[in-house]
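# Understanding the architecture of this molecule
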Amino acid sequence: MTHLRWSTAGESHGPALTALLDGVPAGLALLAEHIDRDLARRQRGYGRGGRMKIERDAVAIEAGVRGGETLGSPVALRVVNRDFANWEGRMGAAPFAVAPEALTTPRPGHADLAGALKFDRADVRDVLERASARETTARVAAGAVARRLLAECGVAVRSRVLSIGPLRDGGAADPRAWVPEGELAGRVEASSLRVLDGAVEEAMRAEILAASHAGDTLGGVVEVVAVGVVPGLGSYTQWDRRLDGRLAQAAMSVQAIKAVEIGDGWAAASARGSAVHDAIALRDGAFVRATNRAGGLEGGVTNGEPLVVRAAMKPISTLRRPLGSVDLATGEASPANTERSDVCAVPAAGVVLEAMVCLALADALLEKFGGDSMRQLLRNLDGYRDGLVRR
Ligand code: EPS
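A short tour of the structure in this document, coming up. Everything quoted here is computed from the prediction, not taken from an experiment.

### Focus on the environment of Asp244
With respect to the helices and strands, Asp244 occurs in helix H10 (residues 243–252). As for Asp244 and Glu298, which are separated by 54 residues in sequence, their C-alpha atoms are 8.6 Å apart. In this structure, Asp244 is in contact with Ile262, Leu297 and Gly300, ignoring residues within four places of it in sequence.

Listed below in structure tokens is the structure:
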């Protein structure tokens, strides 16, 4: 990503999470409430742990915005961790008066062991604080800025949960039906698990409750869709310009994501070509497809169909009934550390993945259409759109 550069800072129980975005054009209407809406969506979902009862994530826009409009300068966003008040003695930046007790039994599946070895830390807390999925708060804040830019360009991005553990949402629907504002989009947003089918939601809740009672956790699959994307974003001309690769990296970088699929990715591998590719037709001067198995991307370039990215989230690695581990201080076998955590955070992962898709798409739009202001960007986009119509 080079046109919209962004990064985050912050520990899970530190004072705050910060996001810095560089390359946002001037003249984009941006209010704290645009960002807070997504921060609140990320906090919801059946299966979350005690932390979400403590936090009321809300952004402070600290740079790059004046009078409700971006300036073209870097945008700095900050979300305070309310829980820091309970951790000041253990997470403050100043030297400790009394050394906090070290965590020394790494959790299988978390970054604990690899991070402790890599950074030469005796206290696993030095690793888990940054590896924690709490960091996704800052990603969602940054993603909400990208979402605003996309909205001005006619692009809408939404997610839904396809499965939790072994249970699948039967409510298969055309993205053009459930992504734009409407009854189906409202159903996903109102659902405690971000699914379409209420009966499946009940069964999923029971599955999460059963996992919780067993001291266990659950993963699942999320689908993120973008509609209104013009053909021609990304490029086949060089490996790192391909948008499918850029989206895959963005999605795979989210904590606990272990697989990413574009369109019918995995299923396509076992079907014949004639049942995989999407026949081309011309309707009202625009090229269209009756099917969208490619998920809106061919040759690493958008083709104008809805962009479909799916991601598989593994079950959270903090287990109340922990797996075996080794105490780093003694070398003795010992159960893994258990921290307060979520039983299932798949619905939240959907909101985070939306943010990552928004950031990757905004970057691709700026790459193709440039412009230091929204007016320039939109003029370039409109001119390009006009040139696509077959008259
Ligand atoms: C999270 C906050 C964390 C965890 C979760 C995600 O808060 P705490 O550790 O204080 O309970 O609930 O992080 C993990 C599951 C993890 O493995 O890191 C959040 O804000 O999303």
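### Some remarks on the layout of surface pockets
Put simply, the largest pocket is a space of about 870 Å³. If you trace the largest pocket, you find 43 residues lining it, with His110, Ala131, Ser132, Ala133 and Arg134 closest to the centre. Taken together, the elements giving at least two residues each to the lining of the largest pocket come down to helix H2 (51–54), helix H5 (125–131), helix H6 (136–152), strand S10 (257–262) and helix H12 (346–369). Of the residues contributing to the lining of the largest pocket, the split by class is 17 nonpolar, 13 polar and 13 charged.

### Considering helix H9 (residues 198–213)
A rise of 1.5 Å per residue sets the reference length of H9, with its 16 residues, at 22 Å; its end C-alpha atoms lie 23 Å apart and thus fit the reference within 8%. Buried within H9 we find Val200, Glu201, Met204, Ile208, Ala211 and Ser212. Looking straight down H9, one finds that the buried residues subtend no more than 120° of arc, so they occupy a single side. Projecting away from the buried face of H9 at angles above 90 degrees are the exposed residues Ala199, Glu202 and His213. In this fold, the buried residues of H9 make contact with strand S7 (156–164) and strand S8 (167–168). Looking at where H9 begins, the residue whose side-chain oxygen comes 2.9 Å from the main-chain nitrogen of Ala199 is Asp197.

### Focus: a nonpolar patch on the surface
Residues Leu113, Leu117 and Leu328 make up a contiguous nonpolar surface patch of about 270 Å² in total accessible area. Inspection of the secondary structure puts Leu117 in helix H4 (residues 112–119).

### Quick word on the pairing of strand S6 (residues 75–80)
Bridge count for strand S2 (residues 16–22) against S6 is 6 bridges, and the pairing is antiparallel. In the sheet register, Ala16 faces S6, and the bridge partner there is Val80. Looking at chain direction, strand S3 (residues 59–63) and S6 are connected through 4 bridges and run antiparallel. Looking at the pairing, Val59 lines up with Val79 of S6.

### As for the packing of helix H1 (residues 32–43) against H6
H6 packs onto H1 with a crossing angle of 135° between their chain directions and a minimal axis gap of 9 Å. With respect to H6, the axis of H1 lies oblique. Crossing geometry of H1 relative to H6 is assigned as right-handed. Across the interface between the two elements, His34, Ile35, Asp38, Leu39, Arg41 and Arg42 from H1 touch Thr136, Thr137, Val140, Ala141, Ala144, Val145, Arg147 and Arg148 from H6. By residue class, the composition of the contact of H1 with H6 is 6 nonpolar, 3 polar and 5 charged.

Criteria and cut-off values
- Residues numbered from 1 in each chain as written.
- Predicted model: local features only at pLDDT ≥ 70, side-chain atom pairs only at ≥ 80, totals over all residues.
- Heavy atoms only, no water.
- Helix = DSSP H or I, 4+ residues; strand = E, 2+ residues; numbered from the N terminus.
- Contact = heavy atoms within 4.5 Å.
- 1 Å grid on protein atoms, 1.4 Å probe; cavity = no way out; pocket = protein on both sides within 12 Å on 5 of 7 lines; lining within 4 Å.
- Points joined across faces, edges and corners; volume = space filled by probe spheres on them.
- Nonpolar A, V, L, I, M, F, W, Y, C, P; charged D, E, K, R; others polar.
- Expected span 1.5 Å × (residues − 1).
- Buried < 20%, exposed > 50% of the residue type's maximum accessible area, 1.4 Å probe, protein only.
- Arc of directions from axis to C-beta.
- Polar contact = N/O pair within 3.5 Å; in protein donor to acceptor, adjacent residues only side chain to side chain.
- Patch = residues over 30% accessible without salt bridge, like charges linked within 9 Å, V, L, I, M, F, W, Y side chains within 5 Å.
- Areas by Shrake-Rupley, 256 points an atom, 1.4 Å probe, with all protein chains shown as cover.
- Salt bridge = Lys/Arg side-chain N within 4 Å of Asp/Glu carboxyl O.
- Pairing = 2+ DSSP bridges.
- Axes fitted to C-alpha atoms, helices over the stretch in contact; angles between N-to-C directions.
- Parallel < 35°, antiparallel > 145°, perpendicular 65-115°, else oblique.
- Left-handed = near helix turned anticlockwise from the far one by under 90°.

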